[in-house]
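Below, each chain spelled out in residue letters.
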Amino acid sequence: MIRYTELDDHQLVRHYRKNGDEGAFRELLGRHQAKIYSYIYSMVGNQDMANDIFQETFTKVITRMDDTYDEQGKWIAWVMRIAHNSTIDVLRKQKRFVDVTSKDEDDVDFYERLTDDSATGAQEHLELDEDKARLMRHIQRLPAEQREVVMLRHYYELSFKEISEMTNVSINTALGRMRYALINLRKLFEQEELNEAKATQR
Amino acid sequence: MKQKLHNAEELTVKYALNELDPDESKLLDRAVKEDQDLLIEAESQRRTWQRVSALPLIQPPAGLIEDTIRLAVAGRVPKQSRIFSMTPAWRWAAAASILAVVSLPLLNVMSDTPVETVGVEQTIPAPSTDDAPWVDRQDVLRLQNQANTASASKTLPDSTTQLRPIDPNSPGSASRPVKTLQQTGAKSDPK
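Just so it is clear, the model here is predicted, and its values are computed rather than measured. (Residues numbered from 1 in each chain as written. Chains lettered and ligands numbered in written order. Predicted model: local features only at pLDDT ≥ 70, side-chain atom pairs only at ≥ 80, totals over all residues.)

### Remarks on the overall build of chain A
Along its length, chain A carries eight helices and zero strands. Element order for chain A, N to C, with α for helix and β for strand: α-α-α-α-α-α-α-α. (Helix = DSSP H or I, 4+ residues; strand = E, 2+ residues; numbered from the N terminus.)

Below, the structure written as structure tokens:
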């Protein structure tokens, strides 16, 4: 009897590749599903779309496991990259992802480029408390390339070097995007506090 | 006079996310002592990031996970059962063995002596319009139809003329009396 919980990711991947072992795959998925799903959801802001991308990600993982996965690397890093690429593909198709890597980002007024609420998709499915739901709405209002850096850092815990590799930009560009994301979020928090203050005065 | 740090903005972000290395930390320490605005920006970014960090993990729906696992199981067939995953060398070896086995009935026709062909499949239908050897669904090379065709009636006599009787004086032949023509691989009639 195999105790899957005692195996590391590398051993679980071996079991699954060799025998199509359901238990091994279940354990792998259980360990990382929330991280992957959270990243996808936070990027698209819509549960149905997040479900589709999640499923598409693992369809690719399963079909490519023998061909493109190199066991020297971390399995979860490989899966995260597939999830990221699938997510960006969907956002590109929706034209909600504006690639600004060729521009000088200092010249762009990022606050002007905040997405409007209508573009952020349905939020009603998410079972978060009010504070967290509001925070998620603010994240959704960031331009996608800033949101991407924030979420890669938060959910995948990537360093800026890893973020820059995954997003195909320089480290300084990744740092710049994070800086503008934090500035924009601070403005959104301040705006929210102002609105709340006004509401209580009425 | 204040000297502006050229990468101060990057350093404040790294500070906010706790990713400064010791050298960068010293640089930023020195810079914020000289520039209060930089200190305010760095602290503001750190607090904003703390709020972002409160964003919880979101669990996918249970049904989605079960669907994904079903997909994973269906998508993986154990390699032992994949006939086409055999290496080319194995496939060639298997084809050669099969060819040797299925050629027995053909040789049977050429021999005067009926040959016992137990275990050799005889009833698999071959393509009726083509004389060429063919391969069935199990990758078995089939030759049976050639024995019944017009071209076979021409080639068979040519083949039998090349057969020679075994010399009774040759070494090894003394123990087996010659009753019929013998061919390599064909069994003699035990009767």
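### Looking at the overall build of chain B
Check the secondary structure of chain B and you find six helices and two strands. For chain B, the succession of helices and strands along the chain, N to C, is α-α-α-α-α-β-β-α. Across the 191 residues that make up chain B, the buried fraction comes to 13%. Relative to all contacts within chain B whose residues are 6 or more apart in sequence, the contacts with residues 24 or more apart total 47%. (Buried ≥ 20, exposed ≤ 12 C-beta atoms within 10 Å, placed from the backbone. Contact = placed C-beta atoms within 7 Å.)

### Considering the confidence of the model for chain A
All names here are of chain A. This prediction gives chain A a mean pLDDT of 84; 84% of its residues lie at or above 70. When mean pLDDT is compared element by element in chain A, helix 6 (residues 144-154) scores highest at 95, while helix 1 (residues 9-19) scores lowest at 88. Between residues 100-125, whose pLDDT stays under 50, and residues either more than four places distant or in other chains, the model counts 39 contacts. (pLDDT = per-residue confidence, 0-100.)

### Re the interface of chain A and chain B
In this complex, chain A contributes 37 residues to the contact, which on the side of chain B involves 33 residues. For the side of chain A that touches chain B, the secondary-structure elements that each account for two or more residues are helix 2 (22-44), helix 3 (47-64), helix 5 (130-141), helix 6 and helix 8 (171-201) of chain A. Of all the elements, helix 2 of chain A adds the most residues to the side of chain A that touches chain B, at 10 residues. For the side of chain A that touches chain B, the residue count by class is 19 nonpolar, 11 polar and seven charged. (Nonpolar A, V, L, I, M, F, W, Y, C, P; charged D, E, K, R; others polar.)

### Quick look at the packing of helix 6 of chain A against helix 7 (residues 160-167) of chain A
All names here are of chain A. At their nearest, the axes of helix 6 and helix 7 sit 10 Å apart, and the two run at 130 degrees to each other. Judged by the inter-axis angle, helix 6 sits oblique to helix 7. Like other packed secondary-structure pairs, helix 6 and helix 7 cross with a definite hand, here right-handed. Along its contact with helix 6, which presents Glu148, Val149, Leu152 and Arg153, the element helix 7 presents Ile163, Met166 and Thr167. Counted by class, the contact of helix 6 with helix 7 contains four nonpolar, one polar and two charged residues. (Axes fitted to C-alpha atoms, helices over the stretch in contact; angles between N-to-C directions. Parallel < 35°, antiparallel > 145°, perpendicular 65-115°, else oblique. Left-handed = near helix turned anticlockwise from the far one by under 90°.)

### Looking at the packing of helix 2 of chain A against helix 4 (residues 62-75) of chain B
One way to put it is that helix 2 of chain A packs onto helix 4 of chain B with a least axis distance of 10 Å and a crossing angle of 140 degrees. As summarised for this structure, helix 2 of chain A and helix 4 of chain B are arranged oblique, according to the angle between their axes. For the crossing formed where helix 2 of chain A meets helix 4 of chain B, the hand is right-handed. Contact residues: helix 2 of chain A offers Glu22, Phe25, Arg26, Leu29 and Gln33 of chain A, while helix 4 of chain B offers Ile65, Thr68, Ile69, Ala72 and Val73 of chain B. Of the residues that constitute the contact of helix 2 of chain A with helix 4 of chain B, the class distribution is six nonpolar, two polar and two charged.

### Things to note about the confidence of the model for chain B
All names here are of chain B. Summing up the model confidence of chain B, the mean pLDDT is 69 and the portion of residues at 70 or higher is 42%. Mean pLDDT in chain B bottoms out at strand 1 (residues 134-135), which sits at 58, and peaks at helix 3 (residues 36-52), which reaches 94. Taken together, the stretch residues 78-86 has pLDDT below 50 and engages in five contacts with residues farther than four places along the chain or on a different chain. Within the model, pLDDT remains below 50 along residues 115-130, and this stretch shows 20 contacts once partners closer than five positions in the same chain are excluded.

### A few points about helix 5 of chain A
If you check helix 5 of chain A, its first and last C-alpha atoms are 17 Å apart, about what 12 residues at 1.5 Å a residue would give, namely 16 Å. Buried residues of helix 5 of chain A: Leu135, Met136, His138, Ile139 and Gln140 of chain A, and no others. Buried residues along helix 5 of chain A sit in contact with helix 2, helix 6 and helix 8 of chain A together with helix 3 of chain B. (Expected span 1.5 Å × (residues − 1).)

### Focus: helix 3 of chain B
If you check helix 3 of chain B, its first and last C-alpha atoms are 25 Å apart, about what 17 residues at 1.5 Å a residue would give, namely 24 Å. Buried within helix 3 of chain B are the following residues: Leu38, Glu41, Ala42, Gln45, Thr48 and Trp49 of chain B. On an axial view of helix 3 of chain B, the arc spanned by its buried residues comes to 130 degrees, and they lie on one face. Within helix 3 of chain B, the exposed residues directed more than 90 degrees away from the buried face are Gln36, Ile40 and Gln50 of chain B. Structurally, helix 3 of chain B contributes buried residues whose contacts are with helix 8 of chain A together with helix 1 (8-16) and helix 2 (22-34) of chain B. (Arc of directions from axis to C-beta.)

### Overview of the environment of asparagine 172 of chain A
Locating asparagine 172 of chain A in the fold gives a position in helix 8. Judged by local crowding, asparagine 172 of chain A falls into the partly exposed class, with 14 C-beta atoms found within 10 Å.

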